[in-house]
Amino acid sequence: MFQCPICERNTSIPVGGASVLSQNLHLGFEVEVAGYMSKMVNNSDVACDHCIDGDNGPAVVFCCTCHQFLCKVAYECHRTGRHLSKHNMVGLDQEGARQLHTTMKPRDHYCSQPNHGNNNLNFYCETCSLLVCLQCTTATHKSHTVKEISTVAKTHQMEITGALEDAIEVVTKLTGAMDENNRMIEQVVISKRNASLAINKAFETLQQRLEERKKTLLSELEAISLSKTRALTLQKEQFEKMVGDIGHYSEMASQILQTHTDHEIVALGGLIPTELQATLKRVQTISLTPNQHSNITVSVQTDDLIRKLSKLGNVLDFYHSSTWKSTSVAKVGTKYHVKVQYKTSNGEEYPHGGVEVKGEMRSKTHNGAVVYGEVEDHRDGTYTITLTPQTAGPNQLLITMDGHHVQNSPNDLDVRPKRDYHTLCSAHQVIQCNGPLCVAIHDNGDIYVGSNFGCIYMFDQVGQLKTTIGSYGSGNDQFSSPSGISIKGDVMYVTDTYNNRVQKLTSSGKFLHKFGQQGSGQGQFNWPWGVIIDSNNKLIVSDYNNHRIQIFNENGGWLLTIDGNGSGNHCFCSPSSLALDHQGNIHVAANGSNTIKVFTKEGVYVRMYGDLNCPIGIAIDGEGYSLVSEFRGHCLSIYDPEENKIHTVGNLNNPWCTALDPRDGSVFIANYDADTVLKYCV
């Protein structure tokens, strides 16, 4: 049911639903006008719409305002009536019909309330959702929200226009989706054809290989059979010859015994026995057993092959998921890696290679300049795409598998210019802080500063103090010289140096766990200093006075020790801060050795670099630049990826730690003796 805003009648939606209602009011009006015009020009009498019985004769005029045919009497009443005299009238002829189309307007609506004198409904009561006249607005609708109908109509017109625009937008999207569906259907047909060709080719190749193998086996069988037959035939011929020789001498001996005289027997008796005995002796020297056995064994393990054939190949409905780098920021000239995983439609991994994977980086500003990626197939369903951006600014990253975009592709990528550390000279921001020992920057921009006053200050990204974590002491969430902080997600690890332990807290400062005590055994410390978290959530801690590096799991379980004691390039003295390069190698700021020592994550010595003056802090950016704070050198030294010193920032006051903002690479330095943390923008 719905209510008409004019007559207030409740009307049922007709059978067939709202779709059968008139949708084109203008067309309906045109049809109505055409019907009146037809009656006016057909030269036949038209009944008066005003008279009931028609006794006053046929209609002579048409009222364009009332939409009624009127006889002479009704016309006079209309012409002299107070409210009707202004109505437009036309004659019932060709001229009137022509005027009708330009004069006639959709009929006015009048108020049906008594004593309102057929006032036009020129107002709309929003309280009652009803069209009203002027007199209604001062009477029954006096306290209601009433607006002129033209204002309401404009509002509705805007709403209708907006709805139409939304509808056009949605239809456009649906049309695009349908086009994509059609394209996908075509792709399915193409994929089916390609897959069918691949299956047929694979089995044709398999059948060819089986046929070749069958021929090889039959050929080997023929060779073995021929060899056996030849050997047995030669042996048989040897036996036949011996049988012939024995028969020959035996027959001669029988004839001599039967027909010859004693003199002849004596003369021949010595020769025949000798030859016969010689032949018999030869028989005794050879084997009378066939020199070949008759069996020829065929070994074709068909059961295992049949089992493998029953599982040979897969026809899968693939979808693709991708693991992107943690940030959508890249650097010009620096390799950017994307790893993608091929999976089945039910989410299972597909541990095979051979999928066509493509990657490209497309600039949005430099005339669409494109960089194509190099793809490494790990043969386990994963692929690494490596791209090297060439143009700074907004880019799009597009990754496809078998011609289809992976999830999150295209992906927006902000490519920034290559860093120029030569521009570092004066700090862009100075944060006042008592006794700053170390600095760490959260992914959200919050700045954590370990203080020699036994606490951790947390500042927001503009340098305003948000909170203070902990206090001086040896209890949980208390510190004595917190010299190292490492943050990953919502977890923070702090080296509590003089308490000889590492504390694990939430990023908001809630205590979670602690491990370590004073000593030189596994898991013990003598001034733990620097701490970092690797990609496998392992903790790497420098043990300052034990001259070693210890590696733990995320809960503090000891895993490995890199011993720096002794002599040689692999040894180091008083390690302070630590950093990881993109290969996972550990860079150790060896305070007592005045150099940087590099080890693999397994503890194997790699190299060393730098001629430094008491290096305490170190950080490595995504391009491989190393930034080292020199405590006694009162400076920050910067080394390029080839570990050549390229720049120095001086005039510092015993700098302890240096850290990088993971979002934009800004450099932070704990300027200890000046009680400040300095921020340099690159």
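Please read these numbers as outputs of a predicted model, since none were measured by experiment.

The rules behind each value
Residues numbered from 1 in each chain as written. Predicted model: local features only at pLDDT ≥ 70, side-chain atom pairs only at ≥ 80, totals over all residues. Heavy atoms only, no water. Pairing = 2+ DSSP bridges. Helix = DSSP H or I, 4+ residues; strand = E, 2+ residues; numbered from the N terminus. Axes fitted to C-alpha atoms, helices over the stretch in contact; angles between N-to-C directions. pLDDT = per-residue confidence, 0-100. Contact = heavy atoms within 4.5 Å. Patch = residues over 30% accessible without salt bridge, like charges linked within 9 Å, V, L, I, M, F, W, Y side chains within 5 Å. Areas by Shrake-Rupley, 256 points an atom, 1.4 Å probe, with all protein chains shown as cover. Salt bridge = Lys/Arg side-chain N within 4 Å of Asp/Glu carboxyl O. Phe/Tyr/Trp six-rings, centres within 6.5 Å; stacked < 30°, edge-to-face > 60°. Buried < 20%, exposed > 50% of the residue type's maximum accessible area, 1.4 Å probe, protein only. Parallel < 35°, antiparallel > 145°, perpendicular 65-115°, else oblique. Left-handed = near helix turned anticlockwise from the far one by under 90°. Nonpolar A, V, L, I, M, F, W, Y, C, P; charged D, E, K, R; others polar. Core = buried A, V, L, I, M, F, W, Y, C linked by side-chain atoms within 4.5 Å.

1. A short note on the sheet that holds strand S35 (residues 586-590)
Thought 1: Pairing is antiparallel in the open sheet, where four strands are placed in the order S34-S35-S36-S37. Looking along the sheet, the strands with just one partner apiece sit at the ends: strand S34 (575-580) and strand S37 (605-609). Averaged over all neighbouring strand pairs, the angle between strand axes comes to 25°, with direction disregarded.
Thought 2: Bridging between strand S36 (residues 595-599) and S37 involves four bridges; their strand directions are antiparallel. Its bridge partner lying in S37, Lys 597 is registered against Met 608.

2. Quick look at the confidence of the model for the chain
Thought 1: On average, residues of the chain score 85 in pLDDT, and 90% of them are at 70 or above.
Thought 2: At the level of individual helices and strands, the chain shows its lowest average pLDDT in strand S9 (residues 318-323), which scores 48, and its highest in strand S31 (residues 539-543), which scores 97.
Thought 3: Contacts from residues 5-9, a stretch scored under 50 in pLDDT, to residues over four places away or in other chains number eleven contacts.

3. Remarks on a nonpolar patch on the surface
Thought 1: Taken together, the side chains of Ile 199, Phe 203, Leu 210, Leu 305, Leu 309 and Leu 312 present a nonpolar region at the surface, about 500 Å² in accessible area.
Thought 2: Secondary-structure elements contributing two or more residues to the nonpolar patch are helix H5 (149-259) and helix H8 (302-310).
Thought 3: In terms of residue count, the dominant contributor to the nonpolar patch is H5 (three residues).
Thought 4: When you line up the elements, Leu 312 lands in the loop between H8 and S9.

4. Structural notes on the packing of aromatic side chains
Geometrically, a pair of aromatic rings is defined through the distance of the ring centres and the angle of the planes.
Thought 1: For the structure on display, the rule yields 17 aromatic pairs.
Thought 2: Ring geometry for Tyr 498 and Trp 527: centres 5.0 Å apart, planes at 50°, overall tilted. Of this pair, Tyr 498 sits in the loop between strand S27 (491-496) and strand S28 (501-506) while Trp 527 sits in the loop between strand S29 (511-515) and strand S30 (528-533), and the two are 29 residues apart along the sequence.
Thought 3: Residue classification places Trp 527 among the partly exposed positions, given a relative accessible area of 29%.
Thought 4: Taken together, a centroid distance of 5.6 Å and an interplanar angle of 70° make the contact between Phe 572 and Phe 599 edge-to-face. Of this pair, Phe 572 sits in the loop between strand S33 (558-563) and S34 while Phe 599 sits in strand S36, placing them 27 residues apart in sequence. By the burial criterion, Phe 572 is buried, and Phe 599 matches it.

5. Considerations on the side chain of Thr 334
Thought 1: Assignment of secondary structure puts Thr 334 in the loop between strand S10 (329-331) and strand S11 (336-344).
Thought 2: Judged by relative accessible area, Thr 334 falls into the buried class, the value being 15%.
Thought 3: When neighbours within four sequence positions are excluded, Thr 334 is seen to be in contact with Leu 387, Thr 388, Pro 389, Gly 622 and Glu 623.

6. A closer look at the packing of H5 against helix H7 (residues 271-285)
Thought 1: Where H5 meets H7, the closest approach of the two axes is 10 Å, and the angle between their N-to-C directions is 155°. Considering the angle they form, H5 stands roughly antiparallel to H7. Viewed along their axes, H5 and H7 form a crossing whose handedness is left-handed. Contact with H5, carried on its side by Met 242, Asp 245, Ile 246, Tyr 249, Ser 250, Met 252, Ala 253 and Ile 256, involves Ile 272, Glu 275, Leu 276, Thr 279, Leu 280, Arg 282 and Val 283 of H7 and no other residues of that element.
Thought 2: Here the contact of H5 with H7 is built from residues that sort into ten nonpolar, two polar and three charged.

7. Side note on the nonpolar core
Thought 1: Core analysis: the largest hydrophobic core is formed by 26 residues, its most contacted members being Val 439, Ile 447, Tyr 448, Ile 485 and Met 492.
Thought 2: If you list the elements that add at least two residues to this core, you get strand S20 (436-441), strand S21 (447-451), strand S22 (455-459), strand S26 (482-488), S27, strand S42 (655-660) and strand S43 (667-671).
Thought 3: Of the residues forming this core, the biggest block, five residues, is contributed by S22.
Thought 4: Excluding residues within four positions of it along the chain, Val 439 makes contact with Ile 447, Tyr 448, Cys 657, Ala 659, Phe 668, Ala 670 and Val 677.
Thought 5: Among the nonpolar cores identified, the runner-up in size contains 20 residues, and Tyr 342, Val 357, Leu 387 and Val 415 belong to it.

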